[in-house]
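As a plain string of letters, each chain reads:
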Amino acid sequence: DRLRHAFDDLRDIIENGDKDKNSYLINMLYVLDLIRTDDIAVRDTQFYLTKGQRRIVQEIHDMIGHDLSSDVSMTELEEQYGMSSVSINKYFEIMYGTTVKRYMQDKRMSHAAKRLVGSSDSVADIALSVGYESQSKFGTVFKRKYGCTPLEYRRLGGEIT
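Residues numbered from 1 in each chain as written. Predicted model: local features only at pLDDT ≥ 70, side-chain atom pairs only at ≥ 80, totals over all residues. Heavy atoms only, no water.

A.B. asks: Which residues make up helix 4 (residues 74-81), and what values do they have?
C.D. replies: Buried within helix 4 are the following residues: Met 74, Leu 77 and Tyr 81. Taken down its axis, helix 4 places every buried residue within 55° of arc, on the same side. On its buried face, helix 4 sits against helix 3 (51-66), helix 5 (85-96) and helix 6 (100-118). Remark: Gly 82 follows helix 4 within two positions and exhibits a positive phi of approximately 65°. (Buried < 20%, exposed > 50% of the residue type's maximum accessible area, 1.4 Å probe, protein only. Helix = DSSP H or I, 4+ residues; strand = E, 2+ residues; numbered from the N terminus. Arc of directions from axis to C-beta. Contact = heavy atoms within 4.5 Å.)

Below, the structure is given as structure tokens:
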């Protein structure tokens, strides 16, 4: 999990370009140090994806990152790409280490957490902006991920233990 979050942070820095070179280097060194020091589980069986499979997974990944407020349904993906949700999730997990839905939820929660600390927008507005029509459902998912409610997270400035 720590390695995945470190890679996510590094990817955000690269994609957003909002940090200086020192931040990039520090995050890169942190990722390399995690790789060096952590016991990283390696699967016994390696799976390789074709260029077409990698392209499909990249398209899904980009679709999720482009608009966090819209829901990417597995049924739509099955129809669009002509493959089962099991295959889509398997390929996605090979490339990104998680399923499509979990990845989407993690991206939504991460974006919401940043907005909770970095803006004065209401929790309801933030929930809507990341695809939750129900503030209650958003609060439940947020608390499951971060261990506190969105308002507690904001009050604590994102500093949770």
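A.B. asks: Account for the pattern of salt bridges, naming residues and giving values.
C.D. replies: For the structure on display, the rule yields 5 salt bridges. As a salt-bridge pair, Arg 115 and Asp 121 come within 2.3 Å of each other at their nearest N and O atoms. The class for Arg 115 is partly exposed, based on a relative accessible area of 22%. Within this structure, Asp 71, Lys 101 and Arg 108 form a network of salt bridges that share partners. (Salt bridge = Lys/Arg side-chain N within 4 Å of Asp/Glu carboxyl O.)

A.B. asks: Describe in detail a nonpolar patch on the surface, supporting the description with residues and values.
C.D. replies: Where nonpolar side chains cluster on the molecular surface, the patch consists of Phe 7, Leu 29, Leu 32 and Ile 35 and spans about 380 Å² of accessible area. For the nonpolar patch, the leading source of residues is helix 2 (residues 21-37), giving 3 residues. Here Phe 7 shows up in helix 1 (residues 2-16). (Patch = residues over 30% accessible without salt bridge, like charges linked within 9 Å, V, L, I, M, F, W, Y side chains within 5 Å. Areas by Shrake-Rupley, 256 points an atom, 1.4 Å probe, with all protein chains shown as cover.)

A.B. asks: An account of the nonpolar core is needed here, citing residue identities and associated values.
C.D. replies: With 18 residues, the main nonpolar core has Ile 60, Ile 64, Leu 77, Ile 88, Phe 92 and Val 100 as its most contacted residues. If you list the elements that add at least two residues to this core, you get helix 3, helix 4, helix 5 and helix 6. The contact partners of Phe 92, leaving out residues within four places of it in the chain, are Val 57, Ile 60, His 61, Ile 64, Gly 97, Thr 98, Thr 99, Val 100 and Tyr 103. Counting residues in each nonpolar core, the second largest holds 15 residues, with Ala 112, Leu 116, Ile 126 and Tyr 132 among its members. (Core = buried A, V, L, I, M, F, W, Y, C linked by side-chain atoms within 4.5 Å.)

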